[in-house]
Amino acid sequence: MKHVVYLSLGSNLGNRKALIRKAVKRIGELVGTVVRRSTLYETEPWGFQSEHLFVNAAVCCTTELSPMELLRVTQQIERELGRRQKTVSTPDAAPVYHDRPIDIDILLYDDLHVDEPQLKIPHPLMQMRDFVMIPLKEILRPIGEDQVP
């Protein structure tokens, strides 16, 4: 069965645009068909201080992967593209964010709600992040719906 998923991508180290393009290519190879992709947006870091601006985008794809399989594959892509450090989050403290060559977050998976320690769908912070919501709104519409200018 095909599922519709929306992913957020970000990069603030290295050749940011090339890393986003490589991530989208690998998503197409390992996750499923990339149906839509947003424009690339340059944004300030969120949640931490850095001299490095981010390039952000969103993609919509169809997949046969389960949510946990999708998480494993997106983390594999992050590692392939040079990510070595994940955001650390604990119930008692705010998350600690870092510069990173690539970040892939699962935003939406069909209409599913997942609340596991390692995976929350819909992404719990997406509404607070313009760098997520602006690219997402650009591509968010039912699969097969005609694009209206």
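Residues numbered from 1 in each chain as written. Predicted model: local features only at pLDDT ≥ 70, side-chain atom pairs only at ≥ 80, totals over all residues. Heavy atoms only, no water.

Caption draft 1: Expanded view of the nonpolar core. Counting 26 residues, the largest nonpolar core has Leu 7, Leu 9, Ile 27, Leu 70 and Ile 104 as its most contacted members. Where this core is concerned, the elements lending two or more residues are strand E1 (3-11), helix H1 (16-30), strand E4 (54-63), helix H2 (67-80), strand E7 (103-109) and strand E9 (119-121). It is H1 that provides the largest number of residues to this core, a total of 5 residues. Ranked by size, the runner-up nonpolar core spans 11 residues in total, among them Tyr 6, Leu 107, Phe 131 and Val 132. (Core = buried A, V, L, I, M, F, W, Y, C linked by side-chain atoms within 4.5 Å. Buried < 20%, exposed > 50% of the residue type's maximum accessible area, 1.4 Å probe, protein only. Helix = DSSP H or I, 4+ residues; strand = E, 2+ residues; numbered from the N terminus.)

Caption draft 2: Inspection of the packing of H1 against H2 at higher detail. Taken N-terminus to C-terminus, the directions of H1 and H2 make an angle of 140 degrees; their axes are 10 Å apart at the nearest point. Here H2 runs oblique to H1, going by the angle between their axes. By crossing handedness, the relation of H1 to H2 is classed as right-handed. On H2, the residues that touch Ala 23, Arg 26, Ile 27 and Leu 30 of H1 are Val 73, Gln 76, Ile 77 and Glu 80. In terms of residue class, the contact of H1 with H2 is built from 5 nonpolar, 1 polar and 2 charged. (Axes fitted to C-alpha atoms, helices over the stretch in contact; angles between N-to-C directions. Parallel < 35°, antiparallel > 145°, perpendicular 65-115°, else oblique. Left-handed = near helix turned anticlockwise from the far one by under 90°. Contact = heavy atoms within 4.5 Å. Nonpolar A, V, L, I, M, F, W, Y, C, P; charged D, E, K, R; others polar.)

Caption draft 3: Main features of H1. Between its first and last C-alpha, H1 extends 21 Å over 15 residues, near the 21 Å set by a 1.5 Å rise per residue. Residues of H1 that are buried include every one of Ala 18, Leu 19, Ile 20, Ala 23, Val 24 and Ile 27, and no others. Residues of H1 that are buried in the fold lie against E1, strand E2 (34-37), E4, H2 and E7. (Expected span 1.5 Å × (residues − 1).)

Caption draft 4: Broad picture of the pairing of E1. Among the 9 residues that make up E1, 8 are buried, leaving the element largely enclosed by the rest of the structure. Two strands pair when backbone bridges link them, and E1 and E4 are joined in this way by 9 bridges, in the antiparallel orientation. Within E4, the residue paired with Val 5 across the bridge is Cys 61. With 6 bridges joining them, E1 and E7 adopt antiparallel strand pairing. Considered in E7, the bridge of Gly 10 is made with Asp 103. (Pairing = 2+ DSSP bridges.)

Caption draft 5: Spotlight on the side chain of Asp 105. Inspection of the secondary structure assignment puts Asp 105 in strand E7. The residues contacting Asp 105, other than those within four sequence positions of it, are Tyr 6, Leu 7, Ser 8, His 123 and Arg 129.

Caption draft 6: Summary view of the pattern of salt bridges. For the structure shown, the criterion picks out 7 salt bridges. Glu 42 is the partner of Arg 16 in a salt bridge, and the nearest nitrogen-oxygen pair spans 2.8 Å. Linking Arg 16 in helix H1 with Glu 42 in strand E3 (residues 41-43), this pair joins segments that are 26 residues apart in sequence. Between Glu 80 and Arg 26 there is a salt bridge whose closest N-O contact spans 2.8 Å. Separated by 54 residues along the polypeptide, Glu 80 in helix H2 and Arg 26 in helix H1 bring together distant segments of the chain. Under the relative-accessibility criterion, Glu 80 is labelled partly exposed at 40%. One continuous salt-bridge network, built from bridges that share partners, spans Lys 25, Arg 26, Glu 29 and Glu 80. (Salt bridge = Lys/Arg side-chain N within 4 Å of Asp/Glu carboxyl O.)

Caption draft 7: Looking closely at the environment of Thr 39. Its place among the elements puts Thr 39 in the loop between E2 and E3. For the pair Thr 39 and Ile 134, spaced 95 residues apart in the sequence, the C-alpha separation amounts to 9.6 Å. For Thr 39, the side chain forms a polar contact with the side chain of Glu 138, separated by 2.8 Å. (Polar contact = N/O pair within 3.5 Å; in protein donor to acceptor, adjacent residues only side chain to side chain.)

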